[in-house]
Each structure stands twice: as C-alpha cells, then as structure tokens.
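Understanding the architecture of this molecule
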Amino acid sequence: MSWEKNMRTVDPYVAGEQPKQAGVIKLNTNECPYPPSPMVRKAAEDFDCEKLRLYPDMNAEKLVNALAGYCHVKPEQIFVGVGSDDVLAMAFMTFFNGDKPILFPDITYSFYDVWADVFRIPFRTCPLDEDFCIRKEDYLVPNGGIVIPNPNAPTGVLEATAMFEEILQANPDSVVIIDEAYIDFGGESMLPLIEKYDNLMVVQTFSKSRAMAGIRIGFAIANEKLIRYLKDVKFSFNSYTMNMPSIEMGTAAVLDDAYFKEIVGKIVATREWTKEQLRELGFTFADSKSNFIFATHKSVPARDIFLALKENNIYVRYWNKPRIDNYLRITIGTDEQMQKLITFLKTYLKEH
Ligand SMILES: *Cc1c(COP(=O)(O)O)cnc(C)c1O
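Now for a quick tour of the structure. The structure presented is a predicted model; accordingly, all values stated were derived computationally and were not measured.

1. Thoughts on the packing of aromatic side chains
Think of a pair of aromatic rings as described by two things: how far the centres are apart, and how the planes are tilted against each other in angle. Evaluation of the coordinates by the stated rule reveals 20 aromatic pairs. Summarising the aromatic geometry, the rings of F104 and Y112 are spaced 5.7 Å apart at their centres and angled 65° between planes, so their arrangement reads as edge-to-face. Here F104 and Y112 have matching classes, each one buried. Ring centres of F294 and Y327 lie 4.8 Å apart, and the angle between their planes is 15°; on these two criteria the pair is classed as stacked. With a gap of 33 residues between them, F294 in strand β10 (residues 292–297) and Y327 in the loop between β11 (314–315) and β12 (328–331) connect regions that are remote in the sequence. Here F294 matches Y327 in class, with each residue buried. Here a set of aromatic residues connected by ring pairs shows up, and it is made of Y13, F92, F96, F104, Y109, F111, Y112, W115 and F123. Geometry around F260 places R210 over its ring, the cationic atom sitting 4.0 Å from the centre. Residue placement shows R329 over the ring face of F292; its charged tip is 5.7 Å from the ring centre.

Written as structure tokens, this is what we have:
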C-alpha cells in the first residue's frame, strides 16, 4: 500500500480506564468524587434546545467574561478550549516552532511527548531528582519552549513560584507554559505573574477541582499578544469547538465560588487523612498538594497491589514505566471511598 508511507504516525496517549461495570471505586483518573455545582444543573435544565439551530459564540464571551472577572484579568488575556488538553495542544502548535528542543520533566503528564511527536516538535526530558523535584538548572539551557505542571503529575509535588520565576527570567526567548491542572488543591497560582512575564502562560481546567471532566473546559491566561497568536491558530483549525451548553454550564460553575471552595476543602481534608493512613500501612510518598497521592510500599510491589485492588473493584493508576513502576497514583475520592480503600489495604498487606 503506497499511501501508507504518507501517514502521520504516532503512538497515541493512553488514558486511565473507564470501567463499565457498576460498583467500582474509581480512583484512577483524578476526577472529582462530588457532583458539579447545583447551579450547573440549573443551567443545563434552563438551556433552550431551540437555540441549537445556530452556531455557538466562537469567542465563548459569556464564559470568558466570567473567568476574567474571577481571575482579575482582561477578557483578551483568556483563551478557552475543549479541556486543557485542547488548550495545551493548540499552545504546542502555536508556540513551539523553533529548532531547539522543548523541555519538560521525565516524569510528568504523559500527553506532552505525544503532542511533541504528533506536531514534530523536538523535545528533551529533564530528569526529576530522587525526591521527584525539578532540577532548575536543567531549564537554564537553550531551548525551544518549556512546559511544566505545578503541582506535577503524577507525583503531586508542588514547586515554589520563585523557582519558576528564575526559569522565566533565564528564558526570555521561550514561551513557558505552567500547567496548573491541580493548583486549586493547595498551591499558589502563577497567574499574578502574567503581567510581569510576557513569555508566561498559565493553563487551568474545569476537570478536576470543578468536578466537570465530562463537559470538557480548559483555559489559558497570558498577555494579550500570546492569546492572540493562540486564537489565530485555533480559528484556522475549528472555530466552533465550545458548544452552547458548555458555555452556559461552565459560566454557572465559575459564578458558584462557595460550592467550589466547599468541595475543594473536602478533598484536601480527605487527602490529609489518607496520607496518615497510608503512612501507617508502610507507604511512602512525596507530599502531595493535588487530588491524588503517588505512593510506593516498603515491601509489596505496586503492580501486585494494583492488580489486587482492581480484582476488588478499586481502580487506581499504575504505569509500567522506568522510575515509576513501583508506584501507585491514588486519586482522592470521598471519605467513604477512601475508608474502603484503606480497609482493603490493611487486610491485603497483612497477608503479603
Ligand atoms: C487532567 C490533566 C490535564 C487535562 O485535563 P482536561 O480534562 O483536558 O482539562 C492537563 N494536564 C494535566 C497535568 C492533567 O493532569
């Protein structure tokens, strides 16, 4: 088949499993265990389907204005997309067109190398240190761009803003993307620094802390010029990706700040309880400021625990990859779900 040589070939991103059977305790894809705000439900119920005849507002102005008010920036500094995966993919395509490799950690969100491959962007990974911390020096070298999650995934480690400032200052010729998918669970956002650094873009998502992975909303905040470049590429690709119900429901979520703070507070409390319990069971982990814990056990292999949990309808995430093949990434669920996890582990670890 001669056409086959013209294919763009890539090993696709592998997402965590979405089991079909009922009764699963699902702690494998960092979703929120609580429903979205009741205001989101109301927005869905109030949505008039007659409107679907028309194309949606390609600027998603209503949602953008709500986010601008919430984040204290101008609407022109915001780019919204269909999940932050969409935002990040567009950003890779728009910003990373130099000859030098882009940089990101060796242990990180496993979509970055997939986008680099699919867009044919040269990249180099920078090894985290033994404690899963970023080695700043690795990013003080010539590069075509930088992308780092803070807190990092799947480690949960939060780095100090001051370190990122040093990286930004050393790289005035590169765009630096900070992926803040988990920032709401205890970190300090880099958002206030976008005025100071014109090469900084901060990306956040509604999928984790806003309990709306199913709606697909993510957004980026940067200076107006970066956002304009991003929009030019997006509108040259598909202008109408954000649909009308998403705009309405997303806006409702942003406006209900009290509910947002309530569920984030509950998850943080459950996370701290889970840390204590896991420690008592012989697990160690870097301190997590996200909605998951990346843990290894002192004597029982992670893969064995992963399979035993799965057998018992408790799903966590495991990667058979260098450096992390003895770790489990455990999403924080409800108190009741975490109690069931700990109860199972107590019995299992006693027997192994
Ligand atoms: C979950 C996640 C995303 C993407 O989430 P969306 O659902 O596409 O918004 C991006 N980066 C990191 C590090 C994530 O964990």
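2. Looking at a nonpolar patch on the surface
The grouping of M1, W3 and M7 at the surface amounts to a nonpolar patch, some 390 Å² of accessible area in total. The residue M7 is located in the segment before β1 (25–26) in this model.

Rules used in this analysis
Counting restarts for each chain: residues are numbered from 1 in the order of the written sequence. At least 70 in pLDDT is required for a residue's local features to be given in this predicted model, at least 80 for side-chain atom pairs to be given and counted, and no such filter applies to totals for whole chains, interfaces and linings, which use all residues. The basis for every side-chain value is the complete set of non-hydrogen atoms in the structure, without hydrogens or water. Each Phe, Tyr or Trp ring (for Trp, its six-membered ring) is paired with any other whose centre lies within 6.5 Å, and the angle between the two planes then decides the class: stacked below 30 degrees, edge-to-face above 60, tilted in between. Whether a residue is buried, partly exposed or exposed follows from its accessible area with a 1.4 Å probe, protein chains only, as a fraction of its type maximum: under 20%, in between, or over 50%, in that order. Helical segments are the DSSP runs of H or I of at least four residues, strand segments are the runs of E of at least two, and each set is numbered from the N terminus. A positively charged side chain is recorded as over a ring if its NZ (Lys) or CZ (Arg) lies within 6 Å of the ring centre. The angle to the ring normal must also be within 35 degrees. For patch detection, residues must exceed 30% relative accessible area and be free of salt bridges, and they are connected within 9 Å for like charges or within 5 Å for nonpolar side chains (Val, Leu, Ile, Met, Phe, Trp, Tyr). Accessibility throughout is a Shrake-Rupley quantity obtained with a 1.4 Å probe, and a residue counts as covered only by protein chains that appear here. What counts as a salt bridge is simple: a side-chain nitrogen of Lys or Arg found within 4 Å of a carboxyl oxygen of Asp or Glu.

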